[in-house]
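These are the residues of each chain, in order.
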Amino acid sequence: MNIQWYPGHMTKAKRMMQEDIKLIDVVIELVDSRVPLSSKNPDIDNIAKNKSRIILLNKYDLANMEQTNQWKAWFEEQGFHVALVNSKSGAGVKAVNDVIMLACKEKIERNRRKGIINRPVRAMIVGIPNVGKSTFINSFAGKAAAKTGNRPGVTKGKQWIRLNKNVELLDTPGILWPKFEDQSVGLKLALIGSIKEEILNITELAMELIDFLKKNYPGSLKSRYELEEEGTNLETLNNIAKARGCLLKGNELDIDKAAHLLMDDFKGGKLGKITLEFPKR
Ligand code: GDP
């Protein structure tokens, strides 16, 4: 799913978020573990001021584990509660419940002091498109989600999924925009497939990826495509085309095909578990 953001679109999303956020105790923001900062919304800190905050490093199955752990520590230093999840397989998803309880500990204690017990804390999922919000909600809520939808007389509009006696989740996630005014962010989101490819030249994108991999994951291309030498970035792409028999009529190398092949391999995790940005300290 791709959303083309424009100012009106953003204003509407922001207004909806500001309304929804009044109802909730804890904001759970999903980011993509391969690009934890580039997939983060630039304005959420402001919108979610005074709320408990959780960052879920989703799709950690696709990222470099060591880097993901460093990102976890980095976000924790900024005051977030953090968990690693693979929403697709369900790994780490159950544990999010404990993270919510921990993030809302003060709120629960405050309620208890006021004599309010067993009032569930309310959570909402937010994140930019394609980060895995729906997959996470389905995995986390499981059967509870289906039950809520089927209950007769449930009013349309805001629906809460009762996860257990302590936690309720808003059933629709908040969709946020990325920092698209930053070119390097746009590039990274394109590499993970979160921005329509038509707006970018696939060969250029492949060359950027080659450049990044050579600097940060040396040998990954050589071993995947059994290249003898890599040469310049363009030569590498040519060599990938050769290695994979990407040819046009007349035996000319089909660079465009090689670029697509490389991008698909990357997105499919065939080049290994690769993180595209690293925490700065
Ligand atoms: P949303 O736009 O934020 O709601 O994102 P979706 O839930 O539609 O997920 C976008 C894509 O990412 C889908 O193809 C999911 O299968 C995939 N996805 C979601 N979570 C994970 C994950 O943890 N690991 C992997 N490998 N893929 C995931």
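Residues numbered from 1 in each chain as written. Predicted model: local features only at pLDDT ≥ 70, side-chain atom pairs only at ≥ 80, totals over all residues.

> Please provide a residue-by-residue account of the overall build of the chain, values included.
When helices and strands are counted, the chain shows 12 helices and seven strands. Along the first, second and third principal axes, the C-alpha set of the chain runs to 80 × 35 × 35 Å. By residue count, 36% of the 281 residues in the chain fall in the buried class. Sequence separation of at least 24 residues holds for 66% of the intrachain contacts in the chain that already meet a minimum separation of 6. (Helix = DSSP H or I, 4+ residues; strand = E, 2+ residues; numbered from the N terminus. Buried ≥ 20, exposed ≤ 12 C-beta atoms within 10 Å, placed from the backbone. Contact = placed C-beta atoms within 7 Å.)

> Outline the site of the ligand, listing residues and values.
With respect to spatial proximity, 16 residues lie near the ligand, and among them S87, G132, K133, S134 and T135 are the closest. Among the elements that take part in the shell around the ligand, helix α6 (residues 133–141) stands out by supplying three residues, more than any other. Here the residues of the shell around the ligand are counted per class, giving four nonpolar, eight polar and four charged. (Near = placed C-beta within 6 Å. Nonpolar A, V, L, I, M, F, W, Y, C, P; charged D, E, K, R; others polar.)

> Pulling in residues and values, what's your account of the domain arrangement of the chain?
Per the domain assignment, the segments of the chain are domain 1 (7–175) and domain 2 (201–267). Each of domain 1 and domain 2 has a C-alpha centre, and these two points are 38 Å apart. (Domains from an automatic or database assignment.)

> Can you explain the packing of helix α11 (residues 233–243) against helix α12 (residues 255–267)? Please cite residues and give values.
Between α11 and α12, whose axes approach to 9 Å, the crossing angle comes to 90 degrees. Considering their axes alone, α11 and α12 lie roughly perpendicular with respect to each other. Across the interface between the two elements, L237, N238, I240 and A241 of α11 pack against I255, A258, A259 and L262 of α12. When grouped by side-chain class, the residues that make up the contact of α11 with α12 number seven nonpolar, one polar and no charged. (Axes fitted to C-alpha atoms, helices over the stretch in contact; angles between N-to-C directions. Parallel < 35°, antiparallel > 145°, perpendicular 65-115°, else oblique.)

> For the pairing of strand β3 (residues 81–84), give the residues involved together with the corresponding values.
The pairing of strand β2 (residues 52–58) with β3 spans four bridges and is parallel. By the bridge assignment for β3, L56 is matched with A83. Running through helix α3 (residues 65–77), the crossover from β2 to the neighbouring parallel element β3 is right-handed. (Pairing = 2+ DSSP bridges. Right-handed = clockwise from strand over helix to strand, strands pointing away.)

> Kindly report on the nonpolar core, identifying the contributing residues and their values.
Within soluble globular proteins, side chains that are nonpolar tend to cluster in buried spots. Ranked by size, the top nonpolar core spans 41 residues in total, and within it V26, L56, V85, I100 and A123 carry the most contacts. Contributions of two or more residues to this core are made by β1 (26–32), β2, α3, β3, α4 (96–103), β4 (121–127), α6 and β6 (167–170). The contact partners of L56, leaving out residues within four places of it in the chain, are I28, L30, A83, V85 and V96. A190, I192, I210 and Y225 belong to the second-largest nonpolar core, a separate cluster that totals 24 residues. (Core = buried A, V, L, I, M, F, W, Y, C linked by C-beta atoms within 7 Å.)

> So what's going on with the packing of helix α9 (residues 202–216) against α11? Which residues, and what values?
Between α9 and α11, whose axes approach to 9 Å, the crossing angle comes to 105 degrees. The angle between α9 and α11 places the two elements in the roughly perpendicular class. In contact with A206, M207, I210 and D211 of α9, α11 contributes N233, L234, T236 and L237. Classifying every residue of the contact of α9 with α11 gives five nonpolar, two polar and one charged.

> Outline α3, supporting the account with residue identities and numerical values.
Between its terminal C-alpha atoms α3 stretches 18 Å, which fits the 18 Å expected from 13 residues at 1.5 Å a residue. The set of residues buried in α3 consists of Q67, T68, W71, K72 and F75. Relative to the axis of α3, the buried residues are bounded by an arc of 150 degrees and lie together on one face. In α3, the exposed positions that point more than 90 degrees away from the buried face belong to E66, A73, E76 and E77. Elements that come into contact with the buried residues of α3 comprise β2 and β3. (Expected span 1.5 Å × (residues − 1). Arc of directions from axis to C-beta.)

> Explain the confidence of the model for the chain residue by residue, including any values.
Overall, the prediction assigns the chain a mean pLDDT of 90, with 92% of residues at 70 or greater. Contacts for the low-pLDDT stretch residues 146–155, under 50 throughout, to residues beyond four places or in other chains number five contacts. Under the prediction, the complex receives an ipTM of 0.99, its pTM being 0.92. (pLDDT = per-residue confidence, 0-100.)

> Tell me about the environment of N97, and please be specific about residues and values.
Along the polypeptide, N97 turns up in helix α4. By the C-beta count within 10 Å, which is 15 here, N97 ends up partly exposed. The sequence separation of N97 and L163 amounts to 66 residues, and the corresponding C-alpha distance is 8.7 Å.

> Now, about the environment of K214: what can you tell me, with residues and values included?
Checked against the element boundaries, K214 lands in helix α9. K214 sits in the partly exposed class, given 17 other C-beta atoms within 10 Å. The sequence separation of K214 and G90 amounts to 124 residues, and the corresponding C-alpha distance is 32 Å.

> Break down α9 for me, with residues and values.
The terminal C-alpha atoms of α9 lie 21 Å apart, and with 15 residues this matches the ideal 21 Å at 1.5 Å per residue to within 8%. What α9 keeps buried is the set L205, A206, L209, I210 and L213. Projected down its long axis, α9 carries its buried residues within an arc of 140 degrees, all on one side. Residues of α9 that are exposed and point more than 90 degrees away from the buried face comprise E204 and K215. Tucked into the core, α9 has its buried residues touching α8 (183–191), α10 (220–225), α11 and α12.

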